[in-house]
Amino acid sequence: MISRVAYAFRETWASFRRNLTLTVAAVLTSAIALLLVGATFLIQRGFSNLLVQWRGDVEMIVFVRADATPEQISFIDGSIRQASTVVDANRLEYVDKIGTYEEATRIFAGDPVTLSLLTPENVPSQFKVVPLTQDPALVRSLADQFRTLPGVEDVALAEDEFEVISTLSGFVRNVTLVMSMVLLVVAVGLIWNTIRTAMFARRREIEVMKLVGATNWFIRIPFMLEGLLQGLIGSLVACGGLWALNAAWTNGVAGFKPGTGISSLVVPSSYLTTTMLVLLATGALVGAVGSAIAASRFLDV
Amino acid sequence: MIRLEHVTKRYSSDVLAVRDVSFDIGKGDFVFLVGPSGSGKSTLLRLINRQERPERGNVWVAGRNVNQLPESRVPHLRRSMGNVFQDYKLLLNKTVFENVAFALEVIGKPRQYVQRQVPAVLDLVGLAGKEDRFPHQLSGGEQQRVSIARAFVNRPLILLADEPTGNLDPSTGEGIMGLLDDINGTGTTVVMATHDHRVVNAMRRRVVQLDRGVVVRDQERGVYE
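Since the model is a prediction, treat every value here as computed from it, not as a measurement.

Draft legend 1. Region of the structure containing the sheet that holds strand 3 (residues 30-34) of chain B. Residues and elements named next belong to chain B. What the six strands build is an open sheet, ordered 6-7-8-3-9-10; its pairing is mixed. Sheet topology places strand 6 (81-85) and strand 10 (214-219) at the edges, where each strand pairs with a single neighbour. The mean inter-strand angle of the sheet, taken between neighbouring strand axes irrespective of direction, is 15°. Against the sheet, helix 5 (residues 140-152) engages strand 6 and strand 7 (158-162), with an angle of about 165° to strand 6.

Next up, the structure:
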């Protein structure tokens, strides 16, 4: 058993060195494809940071002053519910100061100056309003009405805040997804071709192996390992690139004036780690698929 | 040991390789398959080690129907037979020792077993002391001895030889035939395809003659004609 494992790794390594040019091409392609996939994830996460407070059809947010009394809050609540023809009262959500603070830590993740000024005591609480109507004018007139209520700090409308971002985010996502899918297919193809070439270079050995009764799996596994390794190395390169990209972005954003909103495009490092793990898994999968197709099709040499 | 029952093999619609071939080969037999090029000798060998499957008929090896064997069992069938070819099929980047050891390593034999068996079989074929040579440093006859060592190192029940003397001069060929005779003496069944009438006439063993895919003669202690 040990001799078999040692054999597989020895052969994998030998073949790796023999086909260095093709291997480098396959590795780089999968690296670029995976880097794009990773960047797509991070960009989407950045956009979703911006949009986090508008999740779930929320079209209007009524911010309540931090120093509002409980009576004022319940009055505001009542006023919103009264507009039952425009507002979906069942889906009306009140986010208290602690909830708002948590939301803010996400929005201002890349803007530590602003974030440091906020505490769970000085942030506003908020009512998230889901309208029943599709008519923006109706929602807007309601917003003007709420703005005058005692204890209300401000009313924000989704229309003003994020429609542009939302459209932009969708466009960017589609473009990067299509590009990375195409590149991933190219990466599978290149790995497939590398493995096929490696098998062709060793067709005499494969012929002898088959004649002396080596099992197909025994013959295949070094080649499949080789493809897997190519995918994995590609994804490691992609992870490095993504890390560098994210670090540069985070540093660059820190230079912006606080409160411009750009800072919320910064992605937390835990999300970066998850994305890198996804890239590693995808890279391994791409390598395994490419080499498995080659190894099963070109065994009859 | 080997039984062919009405075996027919066609490579394409108009190329009939063998037609309705039937004969038995007993354990420990030495059989020559003779006939001109294209008469179907090599095809019969390829049917026996299941590089090919017959279109009709059955091939039995050691009690198993070869063409009904599932793909996963084919390696085990092949481990019970050794193959020797006219062009040796040695791996040029491996030494003599490594070439022979390769046959054991790829079927998962432990290292100690390989270290013990390979020198023994190299001694048997008369290549002791040449373990570290590469194939291009050997004569044709020596290369064929390496390939026989590789075929025999796993002590197969059957040795299939396809024109093993085809590339060798007569005296070197004689040496190879002596070696195959020795291997046959250990109880290994030997089936050898050849059109070298000198070796057939010298050995006086069973001769199965093929002509355009049909058996035209099956004779004990035969000659080439």
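Draft legend 2. Examining helix 8 (residues 203-211) of chain A more closely. Listed in full, the buried residues belonging to helix 8 of chain A are A:E205, A:I206, A:V208, A:M209, A:K210 and A:L211. Phi for A:G213, located one or two positions after helix 8 of chain A, is positive at around 95°.

Draft legend 3. Layout of the interface of chain B and chain A. Facing the 15 residues of chain B at the interface are 14 residues of chain A. Those elements that provide at least two residues to the side of chain B that touches chain A are helix 2 (74-79) and helix 3 (96-105) of chain B. In terms of residue class, the side of chain B that touches chain A is made up of seven nonpolar, three polar and five charged.

Draft legend 4. Spotlight on the pairing of strand 8 (residues 189-194) of chain B. Residue and element names in this part refer to chain B. Of all six residues in strand 8, six are buried; the element is thus mostly enclosed. Taking every second residue as pointing to the same face, both faces of strand 8 are buried, with T189, V191 and A193 on one and V190, M192 and T194 on the other. Two strands pair when backbone bridges link them, and strand 3 and strand 8 are joined in this way by five bridges, in the parallel orientation. The residue of strand 8 that forms the bridge with F30 is V190.

Draft legend 5. Spotlight on the packing of helix 2 (residues 20-51) of chain A against helix 10 (residues 269-297) of chain A. All names here are of chain A. Contact pair helix 2 / helix 10: the axes reach a minimum separation of 10 Å and the direction vectors enclose 150°. Helix 10 is crossed by helix 2, and the crossing has right-handed handedness. For the pair formed by helix 2 and helix 10, the contact residues are S30, L34, V37, G38, F41, L42 and R45 on the first element and Y271, T275, L279, T282, G283 and V286 on the second. Counted by class, the contact of helix 2 with helix 10 contains seven nonpolar, five polar and one charged residues.

Draft legend 6. Molecular detail of the nonpolar core. Counting 113 residues, the largest nonpolar core has B:L33, B:V100, B:A149, B:L159 and B:V191 as the members making the most contacts within it. Not counting the four nearest positions on each side in its chain, B:V191 is found in contact with B:I25, B:V31, B:L33, B:L45, B:I158 and B:L160. Grouped together as the second largest cluster of nonpolar side chains are 17 residues, A:V62, A:I76, A:F127 and A:A158 included.

Conventions adopted
- Numbering of residues begins from 1 in every chain and follows the order in which that chain's sequence is written.
- Going through the entries in the order they are written, you letter the chains from A and number the ligands from 1.
- Given that this is a predicted model, residues contribute local features only at a pLDDT of at least 70 and side-chain atom pairs are listed and counted only at 80 or more, while totals for whole chains, interfaces and linings are drawn from all residues.
- A pair of strands counts as paired when DSSP detects no fewer than two bridges linking them.
- Labels follow the DSSP assignment, with helices taken as runs of H or I lasting at least four residues and strands as runs of E lasting at least two, numbered in each case from the N terminus.
- For helices, the fitted axis covers only the stretch in contact; all axes are lines through C-alpha atoms, and the angles between them, taken along N-to-C directions, range from 0 to 180 degrees.
- C-beta atoms are first placed from the backbone for all residues, and any pair lying within 7 Å is then listed as a contact.
- A residue is called partly exposed when the number of other C-beta atoms within 10 Å of its own lies between 12 and 20, exposed at 12 or fewer, and buried at 20 or more, with C-beta atoms placed from the backbone.
- When residue character is reported, Ala, Val, Leu, Ile, Met, Phe, Trp, Tyr, Cys and Pro are called nonpolar, Asp, Glu, Lys and Arg charged, and the others, Gly included, polar.
- By convention the crossing between two helices is left-handed if the near helix lies anticlockwise of the far one by an angle smaller than a right angle, and right-handed if it lies clockwise.
- Each nonpolar core consists of buried Ala, Val, Leu, Ile, Met, Phe, Trp, Tyr and Cys residues. Their C-beta atoms, within 7 Å, join them into a set.

Any functional reading would require information beyond the geometric quantities listed.
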